[in-house]
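# Overview (structure and organization)
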Amino acid sequence: MSTPAAAAQRAPIPMVVVGGYLGAGKTTLLNRLLERADGLRVAVLVNDFGEINIDAALIRTRSSDVLQLENGCICCSIGGRLAEALAAVGARPDRPDLLVIECSGVSDPVRIAQVGMLDPALQLNAILVVVDAQGLDEQLRDPLVGDMVRRQISGATALVLTKTDLAGAYATEKVAARVAGMAPGAVVLAARHGQIPLAVFLDAAAAPRRPQGLLQAGGSWKSQAGDTAGLADVGSFSYATRGCFDRQRLRQALRTLPVPLLRAKGIVRLGGQDSAQEIHVVGGRLRIASLPGAGVSESVFVFIGCFTAMGREAILRCLEGALAAQ
């Protein structure tokens, strides 16, 4: 069996934390993800996998707290043992391609993500909070749960609106604008029956599709054909330069990007540094780590999110402004 130290030396496992208040649709979203795994090994950590709708014929083996599925995915019941469950996933010889943690409806997904970020075998890809478009206003007015729902939303890097067909187009637009104001750095998506682009979870973006429904890009809202229950057009673009970046200006630029995005990754040259630096950005959270022995002739970034041409240009201006003086 792999040791924690050996696990940390391998490429980190992408981790997505899924939160949201009770009844928002988290379990439906996870069911759709498992149905669409298509060869990906997905590990899902849940408080109770009894609600995960998995046909008995698809369960290869079952123990008291682990389901092994025929498609290579696993579901683990974590209870109060989150740190231990995360360590066990990271130490597995058959590591998953994606780790998803489903929070309970009354927990803080940011705190759970922080626990995962302490493990070097894991790398945060998103804090995804599911929002009930029909019931949000009532939840926020509730003196018992309103503050908790606000805290869940404000910590998200991606917000997924559900039950938009029940809320209607006009109400959904209002909810979308409201949650965007509560989490200005988050991408806002509208789900259809719990389905969202796989690019929200993994870097490999889905094939380009015609934009439908709600998307936020460049700080402005757009809606096509009145379909507020569609999928946003999640894509990516890259940036490369032979110039070196100023470390402090680059930090500031990446923490204050004017356009919401899911995440950004890069390998860059910094002024005064001999080795290349690895960059990872999720929701304003920034990690810069040295890559000893990795010499590069240019700096390369990949940005993943919902972008208009204006949004891309705004990001590029920020990067150009972070280059070191020649």
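The rules behind the values
Residues numbered from 1 in each chain as written. Predicted model: local features only at pLDDT ≥ 70, side-chain atom pairs only at ≥ 80, totals over all residues. Heavy atoms only, no water. pLDDT = per-residue confidence, 0-100. Contact = heavy atoms within 4.5 Å. Core = buried A, V, L, I, M, F, W, Y, C linked by side-chain atoms within 4.5 Å. Buried < 20%, exposed > 50% of the residue type's maximum accessible area, 1.4 Å probe, protein only. Helix = DSSP H or I, 4+ residues; strand = E, 2+ residues; numbered from the N terminus. 1 Å grid on protein atoms, 1.4 Å probe; cavity = no way out; pocket = protein on both sides within 12 Å on 5 of 7 lines; lining within 4 Å. Points joined across faces, edges and corners; volume = space filled by probe spheres on them. Nonpolar A, V, L, I, M, F, W, Y, C, P; charged D, E, K, R; others polar. Pairing = 2+ DSSP bridges. Axes fitted to C-alpha atoms, helices over the stretch in contact; angles between N-to-C directions.

Attention now moves to the confidence of the model for the chain. Parts of the model with low pLDDT should not have their predicted coordinates read in detail. With 83% of its residues at a pLDDT of 70 or more, the chain shows a mean pLDDT of 81. A low-confidence stretch, residues 1-8 stays under pLDDT 50, and its non-local contacts, those more than four residues away or across chains, total ten contacts. Contacts from residues 205-231, a stretch scored under 50 in pLDDT, to residues over four places away or in other chains number 76 contacts.

With that settled, consider the nonpolar core. With 37 residues, the main nonpolar core has Val42, Val100, Leu128 and Phe201 as its most contacted residues. Elements with a contribution of two residues or more to this core: strand S1 (13-19), helix H2 (26-35), strand S2 (42-46), strand S4 (66-69), strand S6 (98-102), strand S7 (122-132), strand S8 (158-162) and strand S9 (187-190). Ranked by the residues each element gives to this core, the list is headed by H2, at four residues. Not counting residues up to four positions away in its chain, the partners in contact with valine 100 are Val16, Val18, Leu30, Leu33, Val42, Ala43, Val44, Leu45 and Phe201. Residues Leu286, Ile288, Phe301 and Ala322 belong to the second largest nonpolar core, which totals 24 residues.

In this model, the largest pocket occupies a volume close to 360 Å³. Leu122, Gln123, Leu124, His280 and Arg287 are the residues nearest the centre of the largest pocket, which is lined by 16 residues in total. For the lining of the largest pocket, the secondary-structure elements that each account for two or more residues are S7, strand S14 (276-282) and strand S15 (285-291). The class makeup of the residues in the lining of the largest pocket is nine nonpolar, two polar and five charged.

This part covers the sheet that holds S14. Taken together, five strands build an open sheet; the order of strands is S12-S16-S13-S14-S15 and the sheet is antiparallel. At either end of the open sheet lies a strand with only one pairing partner, and these are strand S12 (235-241) and S15. Across the sheet, the mean angle from the axis of one strand to that of its neighbour is 10 degrees, orientation sign disregarded. In the packing of helix H10 (residues 309-321) onto the sheet, contacts are made with S12 and strand S16 (299-305), and the angle to S12 comes to roughly 30 degrees.

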